[in-house]
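# Coordinate analysis (summary)
Below, each chain spelled out in residue letters.
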Amino acid sequence: MADSTLRLYDTKQQKKRPFKPLIGKTVRIYTCGPSVYAYSHIGNFRTYLFEDMLVRYLAFKGFYVKRVMNITDIEDKAISAASDKGISLSALENSKAKAFFRDFKNLGMLAPNKVIKASDAVPDIIRLIKRICRNGYCIKEKDGIYFNTRKFRGYGRLRHLSCREYYGKAMDDDYSKEGIWDFRLWKYWSEKDGATGWDSPWGKGRPGWHIECSAISMKQLGDRFDIHCGGVDNIFPHHENEIAQDRAATGKNPVNFWMHSKHLTVGKKKMSKRIGNVLYVSGLGKKGVKPRCLRFYLISERYRSKLDFTFAEFKKRLADCIHARKMMSELRKCKQQGSGTAGKHIATKLLQGFETAMDDDLNTKLAFKRIFRIFQEAELLMKDGVLSSGDAKHILSAATRIDSVLGVLGLS
Ligand SMILES: [Zn+2]
């Protein structure tokens, strides 16, 4: 039965709030998907695993979940990566998306209800830009159509940007106008775009990056939906710009909860090709790291907390999970006669311990701590020969339910 004991941290309000769907029992979630210009590394997958955890836990709580994810296949970097390789943008998209979904599946993640490529959403994107322009938020520049952030009151609220920051700093990305935060909605075609381009009321060109998520999320989930997720690096400017676009078009605040996961560091450093510490699921696989073990590691810390990957720490943390899995198989073999009362008690403790930890903004770290401790209690009873097959059945049933969310105990 769906209830609202769940509290989630909202980046915009900077606090935990009780969660309740906007309409009925269905939770509508939008999660920013991968860009196809590079392979997704394990830090990216930490974010996707947090989203997987959220979706699975909402289902555990009795909600119906509709999750939509985009694939960014027409951004500047993807176009130049395709041209550097001498292949078409769709060939690049096919190979990178294939690798992404292979890792996604291997890490035990549930597929989103809908995955939409930006290139398939261009008519919706054009319609949305037209609405934004009609409402007076567009500026025509020599290379494209920009969103006029100075016209939009409340710009910077997601990132909690001060006025000084807003006016005093230049934005440094491919989509913004020099010196101010205005960002591109539509870029006019130029020769280096090659075959990539669509006709629009502003001439041939292609959308900016930020607009695809606004167009896809609102088309699929409505002008107001429940949760929008991403990594902390998406907060600004990407999600800030989404809010500006959505509100400029509809006059409504698009999202009820904004949720963001923290970066993963490797050896206490941000992953970077320059340092050479970028880790991939397949690369770790070759070093003997099984995807399901990696899944455990990446969710063993709450999504908003720091997490650092080293092989030593990975091995250390994994030991508890392996022990719990062994315990599961021991329980399945249990043939001892008895009442099952102790098992019932342990199963209740397991479920309650798990649920109260997860209700507190998906505190997976605490959930695992409790699960492993309760397993130890069961193990002691088993060693003393006082745990019956009836007890084991109760414990296994609770653990299976818990593992429908965690997906690491080897039972789902
Ligand atoms: Zn996005």
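As shown above, the structure is provided for reference.
A brief structural summary. (Residues numbered from 1 in each chain as written. Predicted model: local features only at pLDDT ≥ 70, side-chain atom pairs only at ≥ 80, totals over all residues. Heavy atoms only, no water.)

## Structural notes on the state of the cysteines
We count it as follows: Any cysteine sulfur atom paired with another within 2.5 Å is treated as part of a disulfide. Buried, partly exposed and exposed residues are distinguished by accessible area as a fraction of the type maximum, computed with a 1.4 Å probe on protein chains only: under 20%, between the cut-offs, and over 50%, respectively.
Evaluation of the coordinates by the stated rule reveals 1 disulfide. Note on cysteine connectivity: C133 is disulfide-linked to C138, with sulfurs 2.3 Å apart. On the sign convention where negative is left-handed, the bridge of C133 and C138, at about -90° about the S-S bond, is left-handed. Its relative accessible area of 23% is what places C138 among the partly exposed residues. The closest cysteine sulfur to the non-disulfide-bonded C229 is located on C32, 9.0 Å from its own sulfur. Looking at C229, the relative accessible area reads 0%, which means it is buried. No disulfide involves C293; its sulfur sits 6.8 Å from that of C321, the nearest cysteine. Its relative accessible area of 9% is what places C293 among the buried residues.

## Some details on the sheet that holds strand β4 (residues 64-71)
Stated precisely, the cut-off is as follows: DSSP calls a pair of strands paired once it identifies at least 2 bridges connecting them. We count a stretch as a helix when DSSP gives it H or I for four or more residues in a row; a strand needs E for two or more, and each element gets its number in order from the N terminus. Every axis corresponds to a line fitted to the C-alpha atoms, with the helix fit spanning only the stretch in contact, and the corresponding angles, defined between N-to-C directions, vary from 0 to 180 degrees. Residue contacts follow a heavy-atom distance rule, with two residues in contact if any of their heavy atoms lie within 4.5 Å.
Taking strand neighbours across the sheet as the criterion, the 5 strands line up as β5-β4-β3-β10-β11 in an open arrangement whose pairing is parallel. Lying at the two open borders of the sheet, with one neighbouring strand each, are β5 (114-117) and β11 (255-261). Averaged over all neighbouring strand pairs, the angle between strand axes comes to 20°, with direction disregarded. Two elements, strand β10 (residues 225-231) and β11, share 6 bridges in a ladder whose sense is parallel. Residue pairing across strands places G230 opposite H260, the latter belonging to β11. The strands that helix α1 (residues 42-60) touches are β3 (26-31), β4, β10 and β11; relative to β10, the one it contacts most, it runs at about 155°. The sheet contacts of helix α3 (residues 89-106) involve β4 and β5, and relative to β4 the element is tilted by about 145°.

## What to know about the environment of F309
Following the sequence through the fold, F309 ends up in strand β14 (residues 307-309). For F309, a relative accessible area of 1% gives the class buried. For the pair formed by F309 and D359, sequence separation is 50 residues and the distance between their alpha carbons is 26 Å.

## Brief notes about the nonpolar core
Threshold: To define a nonpolar core, start from buried Ala, Val, Leu, Ile, Met, Phe, Trp, Tyr and Cys residues and group those joined through side-chain atoms within 4.5 Å.
I42, L58, I227, F309 and F354 are the most contacted members of the largest nonpolar core, which has 77 residues in total. At 11 residues, the largest contribution of residues to this core is made by α1. If we ignore the near neighbours within four places in the chain, the residues touching L58 are L6, F19, V27, I29, F63, V65 and I227. Judged by nonpolar contacts, the second largest core, of 49 residues, contains I71, L89, L221 and F225.

## Observations regarding the pairing of strand β1 (residues 7-10)
Within a regular strand, side chains alternate between the sheet's two faces. Only one face of β1 is covered, namely the one carrying L8 and D10; the face carrying R7 and Y9 has none of its residues buried. Sheet topology places β1 next to strand β2 (residues 15-18); 4 bridges connect them, and they run antiparallel. Opposite D10, over in β2, you have K15 as the bridge partner. Connecting β1 to the next strand, β2, in antiparallel fashion are 4 residues, including Q14 with a positive phi near 55°.

## Some points on helix α11 (residues 341-359)
The line we're drawing: Helix span, as expected, comes to 1.5 Å for every residue beyond the first.
Taking 1.5 Å of rise per residue, the 19 residues of α11 would be expected to cover 27 Å, and the 27 Å separating its terminal C-alpha atoms lies within 8% of that figure. Within α11, burial applies to G343, I346, A347, L350, G353, F354, A357, M358 and D359.

## Re the pattern of salt bridges
Just so we agree on the cut-off: Salt bridge, as applied in this entry: a Lys or Arg side-chain nitrogen positioned within 4 Å of an Asp or Glu carboxyl oxygen.
All chains considered together, the criterion is met by 27 salt bridges. With a shortest N-O distance of 3.7 Å, R102 and D103 are connected by a salt bridge. For R102, a relative accessible area of 44% translates into the label partly exposed. Residues D143 and R184 are paired through a salt bridge, measuring 3.9 Å at the closest nitrogen-oxygen approach. With a gap of 41 residues between them, D143 in the loop between β6 (138-141) and β7 (144-147) and R184 in strand β8 (residues 183-188) connect regions that are remote in the sequence. Owing to a relative accessible area of 30%, D143 belongs among the partly exposed residues under this scheme. For R184, a relative accessible area of 5% translates into the label buried. If you follow the salt bridges from partner to partner, you end up with D76, D143, R184, D193 and R206 in one network.

Take it as geometry only, folks, not as evidence of what the structure does.
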